[in-house]
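# Coordinate inspection notes
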Amino acid sequence: MSIIAIMMLMLLRNFRVGGTSTTIGFITSPLLHHRRMLSISTASMSTTSPMSWEMITNQSSKTVKLFKSIHKNKSKRNESGLTIAEGVRLVTDILSDEKSRKLVRRIIVSESIIDGQSNNEYQQQLEHWLNVVEEESRQRKAEFASGIKNQDEIDPVTINIGTDPVLTACSGTVTTQGVVALMEIPKEKSLDASTVSKTANESSKPPFYVILDGLQDPGNVGTILRSCAASHVSALILLPDSCDVWNPKAIRAAMGASFRVPVIDLNGRNGALSEALEMLNDCGIESDRVFAATMDDTGDGRSSIAHYNVDFDKGAAIILGKEGEGLREEVRNAMGRGLISTVHIPMAEGTESLNVAVCGSIVMFERMRQLSVIQSVSAN
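Right, let's walk through the structure included here.

### Overview of the overall build of the protein
Summing up its helical and strand segments, the protein has 15 helices and 16 strands in all. If you take every contact in the protein between residues at least 6 apart in sequence, the share linking residues at least 24 apart comes to 77%. As displayed, the protein offers around 19,400 Å² of accessible surface, 49% of which is attributable to carbon and sulfur atoms.

Structure, rendered in structure tokens:
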């Protein structure tokens, strides 16, 4: 018998044929196993994968309805404490970070994403992290079964395979990106001296806060969050009428920053500005170190400082006003009384204004530039 024939016989011994399905005995990785199963005729495929990833085909299922309601209703997000992240890159980034990965409760992924045929770097990374999540969930369940952990400590993640119509129904975009994740909203941080001290120790930079005064556009809020995460902002503070940062549209725009930047939500509170100033003062940031962003070099009759002339080597905060309308009356009154300071970004003549996310980002990175220069001088 030829060597090739012998090898073929050895290979065939590793197959088990039964009914209309074929499985391979020596494959142990869940995703490798699933890739093999995807090659089988879909006519004979059951609704549960061999690795216990249940397939969802019903667009009216409870799970799909939950995704839809969280997309549409802030009240449902508040009630459930859940939000949604979607897209291969965003979900991959969330899963690759240990802190944000612990917030994931359910993932629905399309067959095409995990068929093992893609050369896309992020799809390949997503496959890896799905395996990690599956293994971590298995370990937590085993710890619960053995009495090492209580039920409320395990938080296993459910992974489902979804048909394209199901993914479309669970998605907030016109064209589904092939994966959606149900996320627990992080517990709100308190703003006090101990929080500021901890943040300062972790970042080795003076505290800096961004205050949103009624911003409505989720894209702008998400962009600001990305800049906050990239420039070591201590926390984002929301004044009343500000966009819900846990709106899935804001989360898409933030690209994972939503789960890395502490958020302090003062929506629905009377005297929110005074409360914010009081909290900042308790943390050592006096009101004259709070800068309201204006469009020119005057702020309600008072001189406004150019952003590059603000001394950022001490704790500070910036207030960004609502798109189109600018700062609310309460903030303008505080500016007029000299209670808070003002800052502006010099622009070419004839330029009326900047997008609020661009404005905020310029100020944040000017602070980063100054701190970098100070650090460089100190090192020398």
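After that view, the rundown keeps rolling.
### Observations concerning the packing of helix H11 (residues 218–230) against helix H15 (residues 356–379)
Look at H11 against H15: their axes get within 9 Å of each other, and the N-to-C directions meet at 5°. With respect to H15, the axis of H11 lies roughly parallel. Across the interface between the two elements, Asn220, Thr223, Ile224, Ser227, Cys228 and Ala230 from H11 touch Val356, Ala357, Ser361, Met364, Phe365 and Met368 from H15.

### Some words on the sheet that holds strand E5 (residues 104–110)
A sheet is described by the order of its strands in space; here five strands give the open sequence E3-E6-E5-E7-E4, paired in mixed fashion. With one partner strand each, in any of the chains shown, strand E3 (55–56) and strand E4 (82–86) form the two edges of the open sheet. Relative to strand E7 (residues 179–184), E4 is paired through five bridges, and the arrangement is antiparallel. Bridged to Glu86 within E7 is Val180. Seen against the sheet, helix H3 (residues 62–72) touches E3, E4, E5 and E7 and runs at an angle of roughly 95° to E4. In the packing of helix H5 (residues 88–96) onto the sheet, the strands contacted are E4, E5 and E7, and the crossing angle to E4 comes to about 120°.

### Topic: the packing of aromatic side chains
Applying the stated rule across the entire model yields two aromatic pairs. Between Phe208 and Phe312, the aromatic rings sit 5.8 Å apart at their centres with planes inclined by 85°, giving edge-to-face as the arrangement. Linking Phe208 in strand E8 (residues 208–213) with Phe312 in the loop between strand E14 (305–306) and strand E15 (316–321), this pair joins segments that are 104 residues apart in sequence. Here Phe208 and Phe312 have matching classes, each one buried.

### Here's the deal with the pairing of E7
With five of six residues buried, E7 is to be regarded as a mostly interior element. Relative to E7, E5 is paired through five bridges, and the arrangement is antiparallel. The partner of Ile107 across the bridge, within E7, is Ala181.

### Describing the environment of Glu323
One can find Glu323 in the loop between E15 and helix H14 (329–336). Note on Glu323: relative accessible area 24%, which makes it partly exposed. Remark: the alpha-carbon pair of Glu323 and Asp217, spanning 106 residues in sequence, is separated by 7.9 Å. The residues touching Glu323, leaving out its near neighbours within four places in the chain, are Gly214, Leu215, Gln216, Asp217, Asn220 and Val356. Looking at Glu323, its side chain comes within polar contact range of the side chain of Asn220, at 3.1 Å.

What counts, and where the lines are drawn
Residue positions are counted from 1 within each chain, in the order its sequence is given. With the structure being a predicted model, the display of local features is reserved for residues of pLDDT at least 70 and the display and counting of side-chain atom pairs for 80 or more, all residues being used for whole-chain, interface and lining totals. No hydrogens and no water enter the side-chain calculation; it runs on all heavy atoms of the structure. Helix and strand definitions here come from DSSP, where helices need a minimum of 4 consecutive H or I residues and strands a minimum of 2 consecutive E residues; each element is numbered from the N-terminal end. Between two residues, a contact is recorded if the distance between any of their heavy atoms is within 4.5 Å. For the area figures, the Shrake-Rupley method with a 1.4 Å probe applies, and any residue is considered shielded solely by the protein chains shown. To get an axis, a line is fitted to the C-alpha atoms, and for a helix only the part in contact is used. The angle between two axes follows their N-to-C directions and goes from 0 to 180 degrees. Between 65 and 115 degrees an angle is taken as roughly perpendicular, under 35 as roughly parallel, over 145 as roughly antiparallel, and anywhere else as oblique. By definition, two strands form a pair when at least two bridges between them are found by DSSP. Put simply, two rings from Phe, Tyr or Trp (the six-membered ring, in Trp's case) pair if the centres are within 6.5 Å, and we call them stacked under 30 degrees between planes, edge-to-face over 60, tilted for the rest. Relative accessibility under 20% of the residue-type maximum defines a buried residue, over 50% an exposed one, and the middle range a partly exposed one, all with a 1.4 Å probe and only protein chains included. In protein, a polar contact means a hydrogen-donor-capable atom and an acceptor-capable atom, both N or O and within 3.5 Å, with residues adjacent in sequence counting only if both atoms are side-chain atoms; elsewhere, any N or O pair within 3.5 Å suffices.

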